[in-house]
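# Notes for the structure review
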Amino acid sequence: MSRAVICGTGSCLPTGKLTNQDLTDMVDTSDEWITTRTGIKTRYISGRGEETSKLAANAALKALTMAGIGAEELDIIIVATITPDMSMPSCACLVQQQLGALNAFAFDLNAACSGFVYGLDVAEKYLNSNPGLKILVVGAETLSGRINWQDRNTCVLFGDGAGACILTGDDSGRGMLAAELYSDGRLFDLLKMDSAPSMNPEFAVADYDGSYIKMAGRDVFKYAVRFMEKSVAAVLKKAGISIEEIRLLIPHQANIRILKNLADHLGIAHEKVYINLQKYGNTSAASIPIALDEANREGRLVDNDLLLLCCFGGGFTWGAMIFRW
Ligand code: ACO
């Protein structure tokens, strides 16, 4: 039986670094508050020439190099993002153009912070019907352009970046074993980023004040832990695997307290949970693929290790996925 295997990973961060100390010059906050409440110390912020598509293409190039695959060999490009360079064409088409991946078709996917994991699931469906395909999945964001830098509740949390991986079919027993994805649009209002004002009166916001990220932090916290825990339980059951067998958990990097709570609820040792949010903040759809690339390059995964991914984001969207590496 052929499964979707990850045969290359890559990541890219913009050059501009913003520390907690820098933020104290912008809003009423402190390094101590940000560190204890979120675990974040620094984040990277895009400048000119570091648009979402550029970060995505750079991450993709590294993944292609690791996989030993030329861009022209790609069949499909999926970019998970909520911050594309423009509404049309898609970020994926811009990535295709920058890579010269002219034999692929390309499209974007929006599932907020869960987008990369959703993208892997879509790729797996294509590979089920044609294991010979070579698919690029990228999570890339430049959230810095969509943050209200006067709002201390949100501006300390996020950062920019991109992570990518190449998938193909493999019948050695390695690859994606199971996935469980969910969403609940009834909770849309708890974490959102408005777009331009709508012409539909049903969606018109009387006090529209820009398309910034807004969230109900405590509710997001509560749901994130509860929903990720449930989805992990479901995917473990589906794959017939116990949490003790998992070698590495790479969760969406939102907040250290969410991740510690999640690890405790799941009963997984904290050293098996990959955490890099102290360096990058919350990079939304990019957070899991950046962490995956780092873990891969650090040698945290060896052949046949069981890797668990879990995600949570606006929508709400959430889910979990298991790979045999
Ligand atoms: N610096 C200093 N004080 C702050 C800051 C800041 N940056 N931000 C908020 N505060 C203040 C608040 O104004 C409030 O002050 P008040 O008591 O005088 O009103 C006080 O700190 C407590 O605010 P809370 O929102 O209750 O703080 P809480 O302990 O809940 O922590 C946080 C806030 C970190 C956002 C937390 O709710 C959280 O982690 N939520 C999860 C949300 C998250 O991670 N979102 C990321 C996007 S979602 C995703 O990716 C899944």
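Here is what the cut-offs are and how they apply
Residues numbered from 1 in each chain as written. Predicted model: local features only at pLDDT ≥ 70, side-chain atom pairs only at ≥ 80, totals over all residues. Heavy atoms only, no water. Helix = DSSP H or I, 4+ residues; strand = E, 2+ residues; numbered from the N terminus. Buried < 20%, exposed > 50% of the residue type's maximum accessible area, 1.4 Å probe, protein only. Contact = heavy atoms within 4.5 Å. Salt bridge = Lys/Arg side-chain N within 4 Å of Asp/Glu carboxyl O. Pairing = 2+ DSSP bridges. Axes fitted to C-alpha atoms, helices over the stretch in contact; angles between N-to-C directions. Domains from an automatic or database assignment. Buried area = accessible area lost by both parts, 1.4 Å probe. Polar contact = N/O pair within 3.5 Å; in protein donor to acceptor, adjacent residues only side chain to side chain. Nonpolar A, V, L, I, M, F, W, Y, C, P; charged D, E, K, R; others polar.

### Some remarks on the side chain of Thr-29
With respect to the secondary-structure elements, Thr-29 resides in the loop between α1 (20-24) and α2 (31-38). Given a relative accessible area of 15%, Thr-29 falls into the buried group. Contact partners of Thr-29, with chain neighbours within four places excluded, come to Leu-23, Thr-24, Ile-34 and Val-156.

### Some thoughts on the pattern of salt bridges
In this structure the tally under the stated criterion is 13 salt bridges. With a closest N to O distance of 3.8 Å, Arg-174 and Asp-170 form a salt bridge. On the accessibility criterion, Arg-174 (22% relative accessible area) is partly exposed. Here Arg-297 and Asp-293 are joined by a salt bridge, their closest N and O atoms 2.7 Å apart. Of this pair, Arg-297 and Asp-293 both sit in helix α10 (residues 287-297), 4 residues apart, roughly one helical turn. Residue Arg-297 is classed as partly exposed on the basis of its relative accessible area of 47%. Judged by its relative accessible area of 3%, Asp-293 falls in the buried class.

### Concerning the sheet that holds strand β5 (residues 105-109)
Taken together, the 5 strands give an open sheet; going across it, the order is β1-β7-β6-β4-β5, and neighbouring strands pair in mixed fashion. Each edge of the open sheet is held by one strand with a lone partner, namely β1 (3-12) and β5. Each strand axis lies, on average, 20° off the axis of its neighbour in the sheet, ignoring direction. As judged from the 7 bridges shared by strand β6 (residues 135-141) and strand β7 (residues 161-170), these two strands associate in the antiparallel manner. Bridging across to β7, Val-137 finds its partner in Cys-165. Its contacts with the sheet place helix α3 (residues 52-67) against β1, β6 and β7, and it is angled at close to 125° to β1. Against the sheet, α10 touches β1, β6 and β7, its axis set at about 95° to β1.

### Details of the domain arrangement of the chain
For the chain, the domain assignment lists domain 1 (3-172) and domain 2 (176-324). Distance from the C-alpha centre of domain 1 to the C-alpha centre of domain 2: 14 Å. Listed per partner, the contact involves 49 residues of domain 1 and 44 residues of domain 2. Carbon and sulfur atoms supply 65% of the area buried between domain 1 and domain 2, which totals about 3900 Å² over both sides. The largest contributions to the domain 1 side of the interface with domain 2 come from Cys-113, Val-117 and Arg-146, which together make up 18% of the buried area. Here domain 1 and domain 2 share 0 salt bridges between them. At the junction of domain 1 and domain 2, the tally comes to 23 residue pairs in polar contact (both at pLDDT 80 or more). For the side of domain 1 that touches domain 2, the elements supplying multiple residues, two or more each, are β1, α2, β3 (42-45), α3, α5 (115-129), β6, α6 (152-155) and β7. Each residue belonging to the side of domain 1 that touches domain 2 can be placed in one class, and the counts come to 23 nonpolar, 16 polar and 10 charged.

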